[in-house]
Amino acid sequence: MVKKSVTDLKLRGRFISIEGIEGAGKSTAIGVLCAYLESQGRTVVHTREPGGTVVGEAIRGVLLSQDLPAMHADTELLLMFAARAEHLRKVILPALNQGKWVVCDRFTDATYAYQGGGRGIPVSRIGLLEGWVQGEFRPDVTLLLDIDVATGLSRTKKRGAADRFEQETLKFFDQVRLAYLDMAVREPNRFYVIDASGSPEQINTQTIAVMESLIAGF
Ligand code: Z5A
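Predicted, not measured: the structure shown is a model, and the values here were computed from it.

Thresholds, definitions, all that
Residues numbered from 1 in each chain as written. Predicted model: local features only at pLDDT ≥ 70, side-chain atom pairs only at ≥ 80, totals over all residues. Heavy atoms only, no water. Buried < 20%, exposed > 50% of the residue type's maximum accessible area, 1.4 Å probe, protein only. Helix = DSSP H or I, 4+ residues; strand = E, 2+ residues; numbered from the N terminus. Pairing = 2+ DSSP bridges. Axes fitted to C-alpha atoms, helices over the stretch in contact; angles between N-to-C directions. Parallel < 35°, antiparallel > 145°, perpendicular 65-115°, else oblique. Left-handed = near helix turned anticlockwise from the far one by under 90°. Contact = heavy atoms within 4.5 Å. Nonpolar A, V, L, I, M, F, W, Y, C, P; charged D, E, K, R; others polar. Near = heavy atom within 4 Å. Polar contact = N/O pair within 3.5 Å; in protein donor to acceptor, adjacent residues only side chain to side chain. Areas by Shrake-Rupley, 256 points an atom, 1.4 Å probe, with all protein chains shown as cover. 1 Å grid on protein atoms, 1.4 Å probe; cavity = no way out; pocket = protein on both sides within 12 Å on 5 of 7 lines; lining within 4 Å. Sits in = over half its atoms within 2 Å of the grid points.

Colleague: Any details on the pairing of strand β3 (residues 101-105)? Residues and values, ideally.
Modeller: Look at any regular strand and the pattern is simple: side chains alternate between the two faces of the sheet. In terms of burial, β3 is a largely internal element, five of the five residues being buried. Across four bridges, the pairing between strand β1 (residues 15-19) and β3 is parallel. Following the sheet pairing, Ile-18 is matched in β3 by Asp-105. The pairing of strand β2 (residues 44-48) with β3 spans five bridges and is parallel.

Here it is in structure tokens:
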């Protein structure tokens, strides 16, 4: 269990997660976000989930593989949190405790969206694992790049071979998107919803505007 005191340190860095469905443009926006934070004098660690550690990247390989037989939704859920336990303890918390800022491509909100909204696993079960792996640790800020499913998927299709998640149905991604939007409504102090339907430049402008408005308060 992660102790709450870890998150109370005054000199601790900040933890920013970026969320959204496939093709929302997270990778693109993260590059701009990290460059902005560094220009403001922050030391930034850019990482991702599932993954971010040697063990986590190996688990990611299993989770996204098209070569393995379909796994049970509970197996998928447990693997997400196994990778997260390693990531949190080996990368995220040490960096924050050194005063670094951590920018993470997806975190536990993705589990609520994909395994909860998409696969239909009860929120209470995800919450149990969240409490066990993270204690009360949550992102300081979550940027949700919101886009309609058809547009998001049409962007990723141009890339070629799809991974295990990218082969899901439109209905699955609609449920994922709705779960994200629902979380944003329930946690307005943490979530910032960015309209991701525009050009990369428009998304970057919105991303920087959100961070500019927040960084002084940090
Ligand atoms: N997952 C889960 O189920 N549960 C969990 O707890 C966690 C994750 C943590 C990770 O795969 C998968 O794991 C993910 C959820 C699941 N499901 N999938 N698939 P991933 O990391 O490979 O997938 P992703 O996070 O969705 O990455 P992505 O598909 O690359 O999306 P993105 O980072 O948001 O998009 P992008 O790479 O910035 O852009 C995609 C393409 O669109 C690219 O060719 C861009 O050039 C183009 N693009 C970007 N922005 C624009 C704009 N504005 N206009 C036009 N074209 C654009």
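Colleague: With reference to specific residues and values, describe the packing of helix α4 (residues 108-118) against helix α5 (residues 123-134).
Modeller: Two elements in contact, α4 and α5, have axes whose closest approach is 10 Å; the angle formed by their N-to-C orientations is 155 degrees. Taken together, the axes of α4 and α5 are roughly antiparallel relative to one another. Once α4 is placed against α5, the crossing between them reads as right-handed. On α5, the residues that touch Thr-108, Thr-111, Tyr-112, Gln-115 and Gly-116 of α4 are Val-123, Ile-126, Gly-127, Glu-130 and Gln-134. A per-class count over the contact of α4 with α5 returns three nonpolar, six polar and one charged.

Colleague: Could you give an account of the site of the ligand, naming the residues involved and the relevant values?
Modeller: Around the ligand lies a shell of 28 residues, among which Glu-22, Ser-27, Arg-106, Thr-111 and Arg-159 are the nearest. Between Arg-60 and the ligand, the recorded distance is 3.0 Å, taken from a side-chain N or O atom to an oxygen atom. Interatomic distance of 2.8 Å between a backbone N/O atom of Gly-198 and a nitrogen atom of the ligand. Here the ligand loses 83% of its free accessible area of 1000 Å² to cover by the protein chains. Here the ligand occupies the largest pocket. Ranked by the residues each element gives to the shell around the ligand, the list is headed by α4, at four residues.

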